[in-house]
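Analysis of the macromolecular model
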Protein chains: 4
Amino acid sequence: MTQHGPLGVAVIGTGKMGADHVRRINEVVSGARVTAVVDVDAERVKAVADGIEGCTAYTDPAAAMAAADVDAVLIASPGPAHEAALLTAFEHDLPVLCEKPLTPDAASALRVMEAEQRLGHRRVQVGFMRRYDAEYTKLKTLLDSGELGRTLMLHNRHRNASIPSGFTNANLVNDSLVHEMDVTRWLLGQEITSVTVLRPRPSSHAPEGLDDPQFVVFETDGGAVVDVEVFLNCGFGYQVQAEAVCERGSARIGDAHDLLVNTAGRWGGTIAQDFVERFADAYDREVQAWVDATRRGEVTGPSVWDGYAAAAVCEAGVRSQSEGGRVEVELVDRPAFYR
Amino acid sequence: MTQHGPLGVAVIGTGKMGADHVRRINEVVSGARVTAVVDVDAERVKAVADGIEGCTAYTDPAAAMAAADVDAVLIASPGPAHEAALLTAFEHDLPVLCEKPLTPDAASALRVMEAEQRLGHRRVQVGFMRRYDAEYTKLKTLLDSGELGRTLMLHNRHRNASIPSGFTNANLVNDSLVHEMDVTRWLLGQEITSVTVLRPRPSSHAPEGLDDPQFVVFETDGGAVVDVEVFLNCGFGYQVQAEAVCERGSARIGDAHDLLVNTAGRWGGTIAQDFVERFADAYDREVQAWVDATRRGEVTGPSVWDGYAAAAVCEAGVRSQSEGGRVEVELVDRPAFYR
Amino acid sequence: MTQHGPLGVAVIGTGKMGADHVRRINEVVSGARVTAVVDVDAERVKAVADGIEGCTAYTDPAAAMAAADVDAVLIASPGPAHEAALLTAFEHDLPVLCEKPLTPDAASALRVMEAEQRLGHRRVQVGFMRRYDAEYTKLKTLLDSGELGRTLMLHNRHRNASIPSGFTNANLVNDSLVHEMDVTRWLLGQEITSVTVLRPRPSSHAPEGLDDPQFVVFETDGGAVVDVEVFLNCGFGYQVQAEAVCERGSARIGDAHDLLVNTAGRWGGTIAQDFVERFADAYDREVQAWVDATRRGEVTGPSVWDGYAAAAVCEAGVRSQSEGGRVEVELVDRPAFYR
Amino acid sequence: MTQHGPLGVAVIGTGKMGADHVRRINEVVSGARVTAVVDVDAERVKAVADGIEGCTAYTDPAAAMAAADVDAVLIASPGPAHEAALLTAFEHDLPVLCEKPLTPDAASALRVMEAEQRLGHRRVQVGFMRRYDAEYTKLKTLLDSGELGRTLMLHNRHRNASIPSGFTNANLVNDSLVHEMDVTRWLLGQEITSVTVLRPRPSSHAPEGLDDPQFVVFETDGGAVVDVEVFLNCGFGYQVQAEAVCERGSARIGDAHDLLVNTAGRWGGTIAQDFVERFADAYDREVQAWVDATRRGEVTGPSVWDGYAAAAVCEAGVRSQSEGGRVEVELVDRPAFYR
Ligand SMILES: [Mg+2]
Ligand SMILES: [Mg+2]
Ligand SMILES: [Mg+2]
Ligand SMILES: [Mg+2]
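Residues numbered from 1 in each chain as written. Chains lettered and ligands numbered in written order. Predicted model: local features only at pLDDT ≥ 70, side-chain atom pairs only at ≥ 80, totals over all residues. Heavy atoms only, no water.

Let me state the cut-off plainly: UniProt positions are given in the numbering used here, feature names are shortened, and annotations may be inferred rather than shown by experiment.
An unreviewed UniProt entry lists chain A under the name Inositol 2-dehydrogenase, from Actinacidiphila glaucinigra. The heading Function (unreviewed entry) in the UniProt record of chain A holds the text "Involved in the oxidation of myo-inositol (MI) to 2-keto-myo-inositol (2KMI or 2-inosose)." As stated in UniProt under Sequence similarities (unreviewed entry), the record for chain A gives "Belongs to the Gfo/Idh/MocA family."

Right, here's the structure in full:
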């Protein structure tokens, strides 16, 4: 069943990411408007709602989800709050776009997965926005075409110019590397079976408490070997690259060589400075795809299974960091519901 | 004054370009919806309107513009119909996005310019969509920053894989080269003062009646020299490139090297096959910018003066094609209204 | 007849270029050694000869050419001295590699051409070293293969970081643009029939007495249109680029993107700072090819006809600079001797 | 002491590699000539010698090395013959350029190392020609400059279009991967301390008996992590790439994007088809450097220590292939002689 009027969206969490989604829904995306904003910070949420016609402020997610003008929910609160918000959304049978991570660990993700199955139909799209990036989708289309044969290896680079202090080795896995975990699973259509984290002698620019960079190897159940460089204080910019090496060719994205300048003895261009710049279009397309699917009465995109699998791989990654060596990933059997 | 509800747009002309704008307004752009469609083909226009909730079909532009749910007009009919549609829009004081060309010649463009001045405020944005392309805007920003000094030369390539039969030398100027005329004026902030069209011995793939490729030189009132290769049957794809050569550096766009593939003895990637693919984002941004400005009660983007100047340069270009040699461009003085 | 021992070479002129050729023959090239050096500066030439075993210093070219250990002559003296040196070499029937320009004008080049024809066999290779550059030869091979069809246009860029003071508009044609004149004739296998020189408003970095940059258009007897940007104080480096646009594709050289660096917010690399760096390999290959051909008793590479044609096109170029507009090139009929 | 006449070289082994070196010394390199060729195949070696003035054929390396016109030795025989040839050269105190591998295993390399030390001065340059490649040397210069800070990671790709049948997993390490072992040690100035070989599920194009591709991780005594993709039947060409990731930037070589072609819907270029094409210049420069140093009475370039270290790392690599997991490299202490 298609919804004709614009989709009324409740945005839960009005921090940096949530506020950006509010702007996106109201000013960029077609067919949706923000009718509710929710935050534990009553003052902040009121300020956001005041700037938007027909938008109500809430401090309680459940109250927002019960409102008549709320058709769907976008969860952008901190990870530990996701499970409760998801279960409440299930009670109201509302479609959800849930920012990554789905939940902070595999056990809680498993509970959400079971709850969604009890509901009897998919309701959740998880916010792995790289699946909506123009370059990644070109790469996916090429790999799926079979033109290059089976993918044997996938080389990844994930670089940030710098990272706020307080970021830990566990954050490196759970908040950065998690993207390559999802990209690997999505591009290859395979599950990750082991994680090995190697730690070079850290850069002198690495902050206290973070071993930076790290080099990670995944093995998959399809026999692919995947490597990821994660370098969070590389100094020169935000750069995400991937090269798939296949039986009959290789394909690379992420060079971002659009404007080429010759000046002062150098040719080249500038490097994006953060993910907001690099993935702006991906976020726009992700939310548009969610709005479009929801209005058609469908659920598409990364599922709760994908959120759960990422959480399980993250747990193995953190264990490899602390214990060293290769750690096998443990996954429950994939329910038919998510096939 | 800001309009709060979505902007009701009448789209005049439901051919290829018009139909694409209808889709864009309804499915991509935020804050607007199509409330009227107009076409001389009564059957076609009815079919379009039937697929859109709250949209009425018209065969008379004036009737559409008089409707209560029409806040703004997008003109995508053939060029010869533009003048009448624009003057009618002025009668209703409606904001207009007018596809290029503004009108088919400088004299008619001048009449539109005078009519808009009588209205007392700008109402028209002309559809030079390259000004909204991400790469061109990066180039413009760089040039405007002054970092590279004054622009001395601008090298342009404008290539189509192939062109429908019936395309004439005059079409090459009025429909293809016109984009570089506008790009030159916009990037440099200068008027074009002469046009020289050179015709190499045509490609064996050039269709009857078209000298293809052609090589064009513009001179500007700021002393810049601009060259344009126009090659409409280049065979390999749609490719638009520009390099600005400045006092302290040069900057190039249009290489479009995003996905790089190694296969079968070659490295490289694919080339876009048409302008829809190459400039999809530019069209989206152009219409979004028009909707946003209109809802704020403003007019931005290329003006009727820009449409007139392009028409005047086109006339010189066609004359250089037929008479040979360098032809000077004749422009009326720029009214203060358009400064 | 093949010469078995190393070729004994007299190098005439021991300025920057001559000294570099002395080094090249002795330290880089196989099968040759410098047995004589000639310069009007007796002290300088003695210093050069003293560093080389078995090498004699001369101030008179004729004396050097009469020496028993001189098998061949490399002329690297200033252009006005070339005619006399060439005619003397013809008297001794010695093979010559003559640095460009062959002679300073078309009339003197014509006299050399007639003298060589009287000799009855080719003796001279003219020093257009770009024909030995790896990228230009790849481009030539591709064009000659016919894979891309006939060449319709050729776009060229010729940029120097800066140029010594005293360089005039005539130098720009005779010393810089002359390379693209030869490249055009060689790549296309066509004669240039007209030259048009356009002068943008000069860069603020242009020295007194030089209009810099200039933009030049050649037309050829095969109907090709060729454009050349010559920018001698571009500030950022030495950059020579060419793009051939053909019936079924285009091919570009000169990007020089070998080492790619990400640093400080930028991706890219460095630009060569002068022609010695950019064309080092071309000079090496040019001299090796001359030595190899000479030892085999052959004459290959650019001929006196090529030197004469370049001089004639240069004269047209200088006239277009001073008189403005399009100037036709006047060439004598090509002698069968040079076909 | 500098040798004034050309260096007389004995080339041992006249197979593909040896024959190419004979051509190189006689036709490309300055200051040397082949005075002796040696091969167990008497007929083949005679045929080679017959084509060269003043060159004698031998079947016994010792006889060649005893000849009065032999000043230096280039060993291009199969690996198992190297140790004996090197020891004979030491007896005659002759300078040697020894093709890689120095010897087939660490134990024999150690014996050569001890013999050279007994001689009291270095005599051997090992044929790791990548150290003479223009791109690798640019990368080395950049890393050594300190501009980018310490190198933290090095990513390598080593791809062949296809490999002759009979190539084994051990060959993959000893003949292909050995280059990255040397490159790693040379670029970083560090020793490799462990090797881990991972084997993705092989390509369907992998020949019987070879797991292709393989993915290898080195750790170094400076704390760097190095990864190498070795893919010997990648199908599309010969491609060697390296990216050094440093504290303040990264630098990449090997894209080989010199001639860029647009044709048939694709932009890009061709990929070299073998190492002879890719590293032709490196071989030329390697032999020229050896000849120049030898004539100056010096020994430069990769030493016997480098040959030994490569052999020791290879042994660890082969063990990781067969036993799985991470294998530590065992090296003797580095003698002061080789520091
Ligand atoms: Mg949108
Ligand atoms: Mg809308
Ligand atoms: Mg050489
Ligand atoms: Mg030699």
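Once you've had a look at it, read on.
Things to note about the coordination of the magnesium ion (ligand 3)
Put simply, the test is: Note that water is not among the atoms considered, so a metal site may appear incomplete; the donors listed are N, O and S atoms within 2.8 Å of the metal, with 3.2 Å applied to Na, K and Ca. Helix numbering and strand numbering both begin at the N terminus, where a helix is a DSSP run of H or I of at least 4 residues and a strand a DSSP run of E of at least 2.
At 2.3 Å from the magnesium ion (ligand 3) lie its protein donor atoms, namely V28 of chain C (O) and V28 of chain D (O). Of this pair, V28 of chain C sits in the loop between α1 (16-27) and β2 (32-38) while V28 of chain D sits in the loop between α1 (16-27) and β2 (32-38), placing the two residues on different chains.

Comments concerning the UniProt feature "domain: Gfo/Idh/MocA-like oxidoreductase C-terminal" (unreviewed entry) in chain A
When the UniProt feature table is mapped onto this chain, "domain: Gfo/Idh/MocA-like oxidoreductase C-terminal" (unreviewed entry) is found at residues 142-329 of chain A. Summarising residues 142-329 of chain A: 34% helix, 29% strand, and an end-to-end C-alpha distance of 28 Å.

Structural notes on the packing of aromatic side chains
Residue and element names in this part refer to chain A. What counts here: When the centres of two rings from Phe, Tyr and Trp lie within 6.5 Å, Trp using its six-membered ring, the rings pair. Their planes under 30 degrees apart give stacked, over 60 give edge-to-face, and anything left gives tilted. The classification of residues rests on relative accessible area computed with a 1.4 Å probe and restricted to protein chains. Under 20% of the type maximum is buried, over 50% is exposed, and intermediate values are partly exposed. Note on criteria: charge over ring means Lys NZ or Arg CZ within 6 Å of the ring centre, with the direction from the centre no more than 35 degrees off the ring normal.
Tallied over the full model, the rule gives 22 aromatic pairs over all chains. Relative to F279, the ring of Y238 lies with its centre 6.2 Å away and its plane at 80 degrees, an arrangement referred to as edge-to-face. Placement of the pair is Y238 in the loop between β10 (225-231) and β11 (239-246) and F279 in the loop between α8 (275-278) and α9 (280-295), with a sequence separation of 41 residues. With a centroid separation of 4.9 Å and 80 degrees between ring planes, the pair formed by F337 and Y338 is classed as edge-to-face. For F337, a relative accessible area of 28% gives the class partly exposed. For Y338, a relative accessible area of 5% gives the class buried. In this structure, R278 is placed above the aromatic ring of F279, and the distance from its NZ or CZ to the ring centre is 4.4 Å.

Description of the side chain of H21 of chain D
The test is simple: Contact definition: two residues touch when any of their heavy atoms are within 4.5 Å.
Summarising the element assignment, H21 of chain D is placed in helix α1. Sequence-distant contacts of H21 of chain D, that is, excluding residues within four places in its chain, are made with L74, E99, Y283, E286 and V287 of chain D.

Thoughts on the coordination of the magnesium ion (ligand 1)
Protein-derived coordination of the magnesium ion (ligand 1) comes from V28 of chain A (O) and V28 of chain B (O), at a distance range of 2.4 Å. Using a relative accessible area of 23% as the deciding quantity, one classes V28 of chain A as partly exposed.

Some remarks on the interface of chain B and chain D
Which entries qualify depends on this criterion: Buried area adds together the accessible area that both of two parts lose upon being put together, with accessible area traced by a 1.4 Å probe. Salt bridge, as used here: a side-chain nitrogen of Lys or Arg that lies within 4 Å of a carboxyl oxygen of Asp or Glu. In protein, a polar contact requires one atom able to donate a hydrogen and another able to accept it; more generally it is a pair of N or O atoms within 3.5 Å, and residues adjacent in sequence count only if both atoms are side-chain atoms. Note: two strands are recorded as paired if DSSP finds a minimum of 2 bridges between them.
Taken together, the 19 residues of chain B in the interface contact 19 residues of chain D. Carbon and sulfur atoms supply 55% of the area that chain B and chain D bury against each other, a total of about 1700 Å² over both sides. Considering only the surface of chain B that becomes buried against chain D, N262, R266 and W267 of chain B emerge as the three largest contributors, covering 44% of it. The interface formed by chain B and chain D contains zero salt bridges. Our enumeration of links across chain B and chain D arrives at ten residue pairs in polar contact (both at pLDDT 80 or more). Mapped by element, the contributors of at least two residues to the side of chain B that touches chain D are β13 (260-263) and β14 (266-270) of chain B. Sort the elements by how many residues they give to the side of chain B that touches chain D and β14 of chain B lands first, with five residues. Pairing between β14 of chain B and strand β14 (residues 266-270) of chain D: five bridges, direction antiparallel.

Considerations on the UniProt feature "domain: Gfo/Idh/MocA-like oxidoreductase N-terminal" (unreviewed entry) in chain A
Mapped onto this structure's residue numbering, the UniProt feature "domain: Gfo/Idh/MocA-like oxidoreductase N-terminal" (unreviewed entry) falls at residues 8-128 of chain A. Helix makes up 42% of residues 8-128 of chain A and strand 22%, and the two end C-alpha atoms of the span are 22 Å apart.

What about the sheet that holds strand β5 (residues 96-99) of chain C?
Residues and elements named next belong to chain C. The line we're drawing: Orientation is described by lines fitted to C-alpha atoms, with helices fitted over the stretch in contact, and by angles between N-to-C directions that extend from 0 to 180 degrees.
Judged by pairing direction, the sheet is parallel, and its six strands sit side by side in the order β3-β2-β1-β4-β5-β6 without closing on themselves. Here the strands that pair on one side only, and so sit at the sheet edges, are β3 (56-58) and β6 (124-127). Along the sheet, successive strands turn relative to each other by an average axial angle of 25 degrees, direction set aside. Two strands pair when backbone bridges link them, and strand β4 (residues 72-75) and β5 are joined in this way by three bridges, in the parallel orientation. Paired with V73 across the two strands is V96, which belongs to β5. Running at roughly 165 degrees to β3, helix α2 (residues 42-50) makes contact with β2 and β3 of the sheet.

Concerning the relation of the copies chain D and chain A
The cut-off we apply is this: Here the copies were fitted onto each other by least squares, based on C-alpha atoms from residues at pLDDT of at least 70 in both.
With an axial shift of 0.0 Å and an RMSD of 0.0 Å, the rotation relating chain D to chain A amounts to 180 degrees. Expressed as a symmetry operation, the mapping of one chain copy onto the other fits a two-fold axis. Most of the interface of chain D is mirrored in chain A: 100% of its interface residues are interface residues there too.

Brief notes about the pattern of salt bridges
Across all of its chains, the model carries 115 salt bridges over all chains by this definition. Measuring nitrogen to oxygen at the nearest pair gives 3.4 Å for the salt bridge that ties K140 of chain A to D144 of chain A. In this pair, K140 of chain A and D144 of chain A both sit in helix α6 (residues 134-145), four residues apart, roughly one turn of the helix. Taking relative accessible area as the criterion, D144 of chain A reaches 52% and is therefore assigned exposed. Between D258 of chain C and K138 of chain D there is a salt bridge, and its shortest N-O distance comes to 2.6 Å. You can see D258 of chain C sitting in the loop between β12 (249-253) and β13 (260-263) and its partner K138 of chain D sitting in helix α6 (residues 134-145), one on each of two chains. Exposure remark for K138 of chain D: the relative accessible area of 38% places this residue in the partly exposed category. Within this structure, R131, D182, R185, E191, D306 and R334 of chain A form a network of salt bridges that share partners.

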